[in-house]
Every structure is written in structure tokens, then in C-alpha cells.
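# Coordinate inspection notes
The primary structure of each chain is shown beneath.
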Amino acid sequence: MKFLISAGPTREKIDPVRFITNYSSGKMGYALAGAAADAGHETILVSGPVCLEAPRNVTLISVETAAEMAAEIKKVSDSSDIIIMAAAVADYRPIKVHSEKMKKGSGNITLELERTEDILASLGKIKHPGQILAGFAAETNKLLENALKKLNEKNLDWIIANEVGGKNSGFMSDENSVTMLSADGEKIVLPLENKKSLAVKIISVLTSGK
Ligand code: CTP
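Described below are features of the structure shown in this document. Position numbers for residues count from 1 along each chain, tracking the sequence in the order it is written. Only residues with pLDDT of at least 70 get local features here, since the model is predicted, and only at 80 or more are side-chain atom pairs given and counted; chain-wide, interface and lining totals rely on the full set of residues. The basis for the side-chain values is all heavy atoms of the structure; hydrogens and waters are excluded.

## Examining the overall build of the chain
Quick reminder of the rule: Only DSSP runs of H or I reaching four residues or more are called helices, and only runs of E reaching two or more are called strands; each is numbered from the N terminus. The globule rule used for comparison is 2.2 Å times the number of residues to the exponent 0.38, while the radius of gyration itself is calculated over C-alpha atoms. Exposed residues in this analysis have more than 50% of their type's maximum accessible area, buried residues have under 20%, and partly exposed residues fall in between, with area computed by a 1.4 Å probe over protein chains only. Any two residues having at least one pair of non-hydrogen atoms within 4.5 Å are treated as being in contact. Method for areas: the Shrake-Rupley scheme with a 1.4 Å probe, in which residue coverage is limited to the protein chains shown. For the charge count, each Lys or Arg is scored as positive and each Asp or Glu as negative, with His and the chain ends excluded. To locate a charge, the coordinates of NZ of Lys, CZ of Arg, CG of Asp or CD of Glu are taken.
If you tally the helices and strands in the chain, you get five helices and 12 strands. In terms of C-alpha radius of gyration, the chain reaches 17 Å, essentially the compact-globule figure of 17 Å for 210 residues. Taken along the three principal axes of its C-alpha coordinates, the chain extends 60 × 35 × 30 Å. For the chain, the proportion of its 210 residues judged to be buried stands at 46%. Restricting the contact set of the chain to residue pairs at least 6 apart, pairs at least 24 apart contribute 58%. Here the chain has roughly 11,200 Å² of accessible surface; of this, 50% comes from carbon and sulfur atoms. If the 26 positive side-chain charges of the chain are averaged to one point and the 26 negative ones to another, these points end up 5 Å apart.

Shown next, in the form of C-alpha cells:
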């Protein structure tokens, strides 16, 4: 099967030396791409800036911004059987990107931000029959309630509920625990373990009906 997986943060430029980003390490997305490739699937990984090596047998496409990620994903999404959006895509970007380094003054400043495209929601609108679309819900509270909302609102087959901001799991850690919820009402709890072995289980769930 053909997998398309996104990973890592995006960077949204403020000026030539500054940007807005988040704590995503890319480890979960890279582990998923590695697990998919190891299981014999053709795998494309679209990644924001991270300090990780591409897993073997994975085609890596590197991007920086949410807009670049959206463009690269749309080039290959139609021919993908299973899409997993593990990237922590920035929801907002500065309206104005300064061409020169911004100089400081004595007072406060305000950055005006505009929404980026919700790539997963766009994919949910153009999903074709048989295609499996999975997203992550990165939450600091009301984990399953918020995850379920994303599953429905973005027209997904699976949402992988992922508590972030804690000490033992989430963005920076080598370990993670998730709960997978499907549009068919399945609930699979995967307790805390190494992201690489967790990824093998997630890939196995996503391919089980195929
Ligand atoms: N996502 C996306 N494009 C965005 C924002 C998010 O494709 N601009 C995807 C993420 O890759 C993830 C899912 O949507 O698979 C949920 O992302 P998350 O950050 O948990 O939630 P948001 O939808 O951004 O909502 P909120 O930030 O309000 O929780």
C-alpha cells in the first residue's frame, strides 16, 4: 500500500531571522514512516524542520511552512491509500513577513497572525472511497472529547488522541501513549511505550481492515 505521512513542526516566518514554531520533535511521525516502510509499504514522509534522519526506504520531502507542507501533500495525496497527519502544523502565520530584520524599539509590539490552511480538514473533503485518513489530536485537556470532535469535523477514519505538554509523553519524549478512535466507534488504548514500537502497533491497526 501507499502511505503518506507528515511529521514535525512547521516554521512561519516573521523576518529573515525569526519564526513561530512549536515543540514537535518529529519522532512520532518518523517512527510511523519507518514502521510503514518496514512493513513493506511504499512510504512518503513530508517533514517540517527536525533533527532526525529519514528512516530507510522512505521518500523524504522536506518543507518549512504550513503552506509548503499543504502543497507537497496535495501533490501525492490522491494516489495514497493511507494518510497520517502526524505533523504539528502551525495554525497561524504572521500576516506580514518583514524582508529585513525587525529592529527593537522601547515599547511593546503586536504580531498580527492569520490562519493557515487546515491540511487534514482539506484532505477530509477530498477523501476518496477506500482511502484511510488518520489525524493526531494533540491535547492538554479533555483528550477524548476534543479528539472525537476532530474525528467528526475533519471527516477522518481514525483520530489518534495524544496528550501533550506532560512529562512522559507527547512532543519531545521518546515514549508516548495514545488512544485511537475510529469513525466506526472503535476505541484502542495503547499504553506508554517507545514511539518506535508504538508506531508498529498504530500501522498495524490502520492496515488491519485493508
Ligand atoms: N492539522 C493540519 N493542518 C493544520 C492544523 C492541524 O493538517 N493547519 C492536523 C494535524 O496534523 C493533526 C490534526 O490536524 O493531525 C489535529 O491537529 P491539532 O493541532 O491537534 O488540532 P487543530 O485541528 O489545529 O485544533 P486546535 O489547535 O484548536 O486543537
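From this point, the narrative continues.
## Considering the site of the ligand
Counted only if it meets this: Near, as used in this document, describes a residue that has one of its heavy atoms within 4 Å of the molecule or strand being considered. Polar contact criterion, stated in full: a pair of N or O atoms within 3.5 Å, where within protein one must be able to donate a hydrogen and the other to accept it, and residues adjacent in sequence count only if both atoms are side-chain atoms. Amino acids outside the nonpolar list (Ala, Val, Leu, Ile, Met, Phe, Trp, Tyr, Cys, Pro) and the charged list (Asp, Glu, Lys, Arg) are all regarded as polar, and Gly is one of them.
Taken together, 16 residues form the shell around the ligand, and within it Met 85, Ala 87, Leu 120, Lys 150 and Lys 154 come nearest. Residue Lys 154 places a side-chain N or O atom 2.5 Å away from an oxygen atom belonging to the ligand. Here the ligand, which alone exposes 570 Å², has 78% of that area covered by the protein. The set of elements that each furnish at least two residues to the shell around the ligand consists of α3 (119-126) and β9 (132-139). Top contributing element to the shell around the ligand by residue count: β9, with four residues. In terms of residue class, the shell around the ligand is built from nine nonpolar, two polar and five charged.

## Describing the pairing of strand β6 (residues 82-85)
Applicable threshold: For two strands to be treated as a pair, DSSP must find at least two bridges joining them.
Of the two faces of β6, the one carrying Ile 82 and Ile 84 and the one carrying Ile 83 and Met 85 are both buried. Alignment of strand β1 (residues 2-7) against β6, held across four bridges, turns out to be parallel. Paired with Leu 4 across the strands is Ile 83, a residue of β6. Relative to β9, β6 runs parallel, the two being bridged by four bridges. Within the sheet, the bridge partner assigned to Ile 83 lies in β9 and is Leu 133.

## Topic: the packing of helix α1 (residues 27-38) against helix α5 (residues 195-207)
In plain terms, the rule: Here the axes come from fitting lines to C-alpha atoms, over the contacting stretch only for helices, and the angles between their N-to-C directions go from 0 to 180 degrees. Here the word oblique covers every angle except those under 35 degrees (roughly parallel), over 145 (roughly antiparallel) and from 65 to 115 (roughly perpendicular). Two helices crossing with the near one rotated counterclockwise from the far one by less than a right angle form a left-handed crossing, whereas a clockwise rotation gives a right-handed crossing.
Where α1 contacts α5, the axes come no closer than 8 Å and their chain directions differ by 55 degrees. Considering their axes alone, α1 and α5 lie oblique with respect to each other. In terms of crossing hand, the pair formed by α1 and α5 is right-handed. Residues Lys 27, Met 28, Ala 31, Leu 32, Ala 35 and Ala 36 of α1 pack against Lys 195, Lys 196, Leu 198, Ala 199, Val 200, Ile 202 and Ile 203 of α5. Of the residues contributing to the contact of α1 with α5, the split by class is 10 nonpolar, no polar and three charged.

## Section: the environment of Ala 31
With respect to the helices, strands and loops of the structure, Ala 31 is situated in helix α1. When its relative accessible area of 9% is taken as the criterion, Ala 31 is described as buried.

Note that every value here comes from positions in space, so none of it alone points to a role or purpose.
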